[in-house]
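# A closer look at the structure
These are the residues of each chain, in order.
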Amino acid sequence: MRSGRSEVKRRWGGASKLLPLLLLFPAVSFVLVLYLYPLFSSVIRSFTLGAQSPTFANYLKAWALYKKDILFTVEVALLGTFLSIVLGLALACYARISRSRAARFVNSLSRLTIFLPYVIVGQMMRSFLAPHGFLNVILANMKVIDLNSPIQFFNIRGLLLGFLWKEVPFVSFIVLSSLQVVDERYLEAARSVGAKTRHIVLSILIPMIKPAIIVGGVLTFCTIVSTFTLPYMLVTESPTMVTVDIAHRVTYFRDYGVANALGVFLYLLAAPMAIYYLRRMVGEEIYGY
Amino acid sequence: MPQVKLFDVTKRYGKVTAVDRLSLIIEDQEMVTFLGPSGCGKTTTLRCIAGFVVPDAGHIFIGDQDVTNIPPERRDIGFVFQNFALWPHMTVYQNLAFGLRLRKLPKREIKERVHDALALVRMTGLEDRFPRQLSGGQQQRVALARALVLRPRVLLLDEPLSNLDAKLREEMRFEIRELQRQLQITAVYVTHDQAEALVLSDRIVVLNHGRIEQIGTPQEIYQRPASQFVASFIGLCSFMEAHVVESSAERVLMRTEDGLVIETMSKGLSLGQAVTLALRPEFIDVSWTKPENSQNVFQAQLVRFAYLGENLDCWLKVGKWDVRVHLPASRVQKLDQQLWVRLNPEKIIVIPTEGVLL
């Protein structure tokens, strides 16, 4: 009997060691082929210029041509992320604390924007923010502006409005999911010691859902940095965002070297966020700190 | 410390009336316990006092102030929650200091008061720990300290011991009672644990279906329950339905429907009146041979028992009635054993029921 068991163990022992690797193979190969290979390929090509290799020529050229756009991208990403977090958090806290029908309605309505593609948002924003578009007409009717010299929105203003229109509900969605699971007793305990709503939000709710805020911020930052459609449709003057420059270099000049250098810059911009997110979130979720 | 007064407080959730025209005065420095089964309205009433729930009708006063529509943050109460509700991102010190900081007290005073409150609950030295680094008992003490550090007008406790193990629960009962006496604070305590209520309270308010069944000291509630519900909820009790067949200055005789004639000492009952006789196990004498004095003595049969350690919890059949008694484990030999029970006339609780049998 004993020898029979050991025989089975011997025969199946090798298979049981191989099985996890076999199960992992599709996912790992997917990541290797579709993510890591293009990443390394573009990084290598960014250091290649004809026969010269390796070289910083692409980076020097990218910096010389697109310095303003690079700084503009950083500015839009930081400002857009910050405003998305502040407004998304405010919307989520309102929905969590108020629990009124109005709050629920506003919250549900805002969710619709999450499911709209950026190209639709861009088109809507173009009509809404045009020199004689809806917003300028309303402001003119309110005598805030003269329609003969309307506010120009096809620059950082319009771009930020477009990003906020899409990203605020997204941040609110992520944050509210966490807020919903905060036990009501924590809030009541705060109220019992004299906390008003603003104290509850700032001292209890926000610290308790900090991981969700970080997730929302990281994802929003990465989305803004990598979105092409919105800056392409909404920014008609210089500077614009790096993604538009990449498309421009490839479409009109077939200059993959500079395009890849700009791409590496975007990776570098998003990488610290991703690393921070992975280190902190994975640690907290698995080990509870 | 002030009185807490409730006048006709009513709270409905849809068609369910959680609290039904409840009126009560809790005296200064008194510890009152709301006791009752789940859904009886005890926690809702407590939350009305705290301000977490606004009653649909009625008024609540703390001292002379009508607080019915005042939000909890302006009521000056201390609240201890069932799950402690310590903020997990704050240390013990920060948990206690939070309310003091909101009151904009000087840093030195905050430090002193936090230190004093922690000393009161014997938690000095654990200021820098986070709640997750504390045991259940320690968290409970911190929750208590957090409620007390503000020196509230009223202390409200919502089943604060129910998440602790039995041994710790027993210890903490005495500690909470001692603290309440020491601080001379008006306190309202909610529990469904009768032992907790008996140990902790100056008075117990027994609630059922949102209404007060009885208010009284622990002794009154235990010895003279006003209804079968109260008798069954507090302590162990067996019941017999009977009616009065003789009522004189010397004695009152009751007859059960299966013909047992039982003498009691209750007064003010009329002939034919229907009553419920409530029998506490400790007031039933059990013997293995027929006693010489046959007053209130009945034959019984052991039908079931459960092991409690030193004693057995025994179910006896007396006539058609189930009567529970506690007997020494060494004396019980087998099921269906024939025994004799004597019901002490002075200790039989007689609860008049509606209707008169003529």
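Residues numbered from 1 in each chain as written. Chains lettered and ligands numbered in written order. Predicted model: local features only at pLDDT ≥ 70, side-chain atom pairs only at ≥ 80, totals over all residues. Heavy atoms only, no water.

## Quick word on the overall build of chain B
Our working rule: A run of DSSP states H or I qualifies as a helix once it reaches four residues; a run of E qualifies as a strand once it reaches two. Both are numbered from the N-terminal end. Each residue gets one of three labels from its accessible area relative to the maximum for its type: buried under 20%, exposed over 50%, partly exposed in between, using a 1.4 Å probe on protein chains only. Contact criterion: two residues are considered in contact whenever any of their non-hydrogen atoms come within 4.5 Å of each other. Under the convention used here, a 1.4 Å probe and the Shrake-Rupley method define accessible areas, while residue burial counts only the protein chains that appear. Only four residue types enter the tally: Lys and Arg on the positive side, Asp and Glu on the negative side; His and the chain ends are excluded. Note that the charge is assigned to NZ on lysines, CZ on arginines, CG on aspartates and CD on glutamates.
In terms of regular secondary structure, chain B is built from 8 helices and 20 strands. If one aligns the C-alpha atoms of chain B with their principal axes, the spans along those axes are about 75 × 45 × 35 Å. Taken over 358 residues, chain B has a buried fraction of 53%. Pairs at least 24 apart in sequence give 65% of the contacts found in chain B among residues at least 6 apart. Accessible area of chain B: about 16,600 Å², with a carbon and sulfur share of 48%. Charge-centre separation for chain B: the mean point of 44 positive side chains lies 6 Å from the mean point of 42 negative side chains.

## Considering the environment of Ser127 of chain A
For Ser127 of chain A, the position within the fold is in helix H4 (residues 118-129). Non-local contacts of Ser127 of chain A, meaning those with residues more than four positions away in its chain, are made with Gly133 and Phe134 of chain A.

## Quick notes on a nonpolar patch on the surface
Residues and elements named next belong to chain A. Quick reminder of the rule: Each patch is built from salt-bridge-free residues with over 30% relative accessible area, joining like charges within 9 Å and nonpolar side chains (Val, Leu, Ile, Met, Phe, Trp, Tyr) within 5 Å. The salt bridge criterion pairs a side-chain nitrogen of Lys or Arg with a carboxyl oxygen of Asp or Glu, the two atoms within 4 Å.
On the surface, a nonpolar cluster with roughly 870 Å² of combined accessible area is contributed by Leu24, Val28, Phe30, Val31, Leu32, Val33, Leu34, Tyr35 and Tyr267. Here the nonpolar patch gets 8 residues from one element, more than from any other, and that element is helix H1 (residues 2-46). Judged by relative accessible area, which is 45%, Tyr35 ranks as partly exposed.

## A short note on the packing of H4 of chain A against helix H6 (residues 156-180) of chain A
Residue and element names in this part refer to chain A. Note the threshold: Only the stretch in contact is used when fitting a helix axis, every axis being a line fitted to C-alpha atoms; angles between N-to-C directions are given from 0 to 180 degrees. The labels follow the angle: roughly parallel below 35 degrees, roughly antiparallel above 145, roughly perpendicular from 65 to 115, and oblique for the rest. Handedness of a crossing is defined here by the sense of rotation of the near helix relative to the far one, left-handed for an anticlockwise turn of less than a right angle and right-handed for a clockwise turn. All amino acids are sorted into three groups, where Ala, Val, Leu, Ile, Met, Phe, Trp, Tyr, Cys and Pro are nonpolar, Asp, Glu, Lys and Arg are charged, and the leftover types, Gly among them, are polar.
Contact pair H4 / H6: the axes reach a minimum separation of 10 Å and the direction vectors enclose 130°. Classified by the angle between their axes, H4 and H6 sit oblique to one another. Our pair here, H4 against H6, has a crossing hand that is right-handed. The residues of H6 that touch H4, namely those facing Tyr118, Val121, Met124, Met125 and Leu129, are Gly158, Leu161, Gly162, Phe163, Trp165, Lys166 and Glu167. A class-by-class count of the residues in the contact of H4 with H6 yields 8 nonpolar, 2 polar and 2 charged.

## Focus: the nonpolar core
This is how it is decided: Among buried residues, the Ala, Val, Leu, Ile, Met, Phe, Trp, Tyr and Cys ones that are joined through side-chain atoms within 4.5 Å form a nonpolar core.
Formed by 92 residues in total, the largest nonpolar core has its most connected members in Leu6, Phe34, Phe98, Leu144, Leu155, Leu156 and Leu157 of chain B. When residues no more than four places from it in sequence are discounted, the contact partners of Leu144 of chain B are Val80, Val121, Leu155, Leu157, Ile176 and Leu179 of chain B. Core analysis: the next-biggest nonpolar cluster, separate from the first, contains 36 residues, Leu129, Ala130, Ala261 and Leu266 of chain A among them.

## Brief notes about the interface of chain B and chain A
As a reminder of what qualifies: Buried area is a sum: the accessible area each of two parts loses on coming together, probed at 1.4 Å, counted once for each and added. Polar contacts, as used here, are pairs of N or O atoms within 3.5 Å; protein pairs need one atom able to donate a hydrogen and one able to accept it. Residues neighboring in sequence count only if both atoms are side-chain atoms.
Chain B puts 22 residues into the contact, and the matching count from chain A is 18 residues. Summing both sides of the interface, chain B and chain A together bury roughly 1,800 Å²; the carbon and sulfur share of this comes to 65%. A per-residue breakdown of the area chain B buries against chain A is headed by Glu73, Trp87 and His89 of chain B, which together make up 29% of the total. Joining chain B to chain A, the criterion identifies 6 residue pairs in polar contact (both at pLDDT 80 or more). At the level of secondary structure, the elements contributing two or more residues to the side of chain B that touches chain A comprise strand S6 (77-80) and helix H2 (92-102) of chain B. Considering each element in turn, the side of chain B that touches chain A owes the most residues, 3 residues, to H2 of chain B. Classifying every residue of the side of chain B that touches chain A gives 14 nonpolar, 3 polar and 5 charged.

## As for the sheet that holds strand S10 (residues 211-216) of chain B
What holds strands together in a sheet is hydrogen bonding between their backbones, with the strands either parallel or antiparallel. Residue and element names in this part refer to chain B. Under the convention used in this document: Only when DSSP finds a minimum of two bridges between them are two strands counted as paired.
Across the sheet, which stays open at both edges, the 6 strands sit in the order S6-S7-S8-S3-S9-S10 with mixed pairing between neighbours. Edge positions in the open sheet fall to S6 and S10, since each of these has one partner strand only. The sheet shows a mean angle of 15° between the axes of neighbouring strands, direction not considered. Relative to strand S8 (residues 186-191), strand S7 (residues 154-158) is paired through 5 bridges, and the arrangement is parallel. Paired with Val154 across the strands is Thr186, a residue of S8.

## Structural notes on the domain arrangement of chain B
All names here are of chain B. As a reminder, the rule being used: These domain boundaries are the output of an automatic or database domain assignment.
Entries for chain B in the domain assignment read domain 1 (4-232) and domain 2 (237-356). Here the C-alpha centre of domain 2 lies 39 Å away from the C-alpha centre of domain 1. If you look at the interface, domain 1 gives 9 residues, while domain 2 gives 9 residues. Of the roughly 690 Å² buried at the junction of domain 1 and domain 2 (both faces included), carbon and sulfur atoms supply 56%. For domain 1, the biggest contributors to the area lost against domain 2 are Tyr222, Gln228 and Ala231; these three give 69% of the whole. In this assembly, domain 1 and domain 2 are joined by 0 salt bridges.

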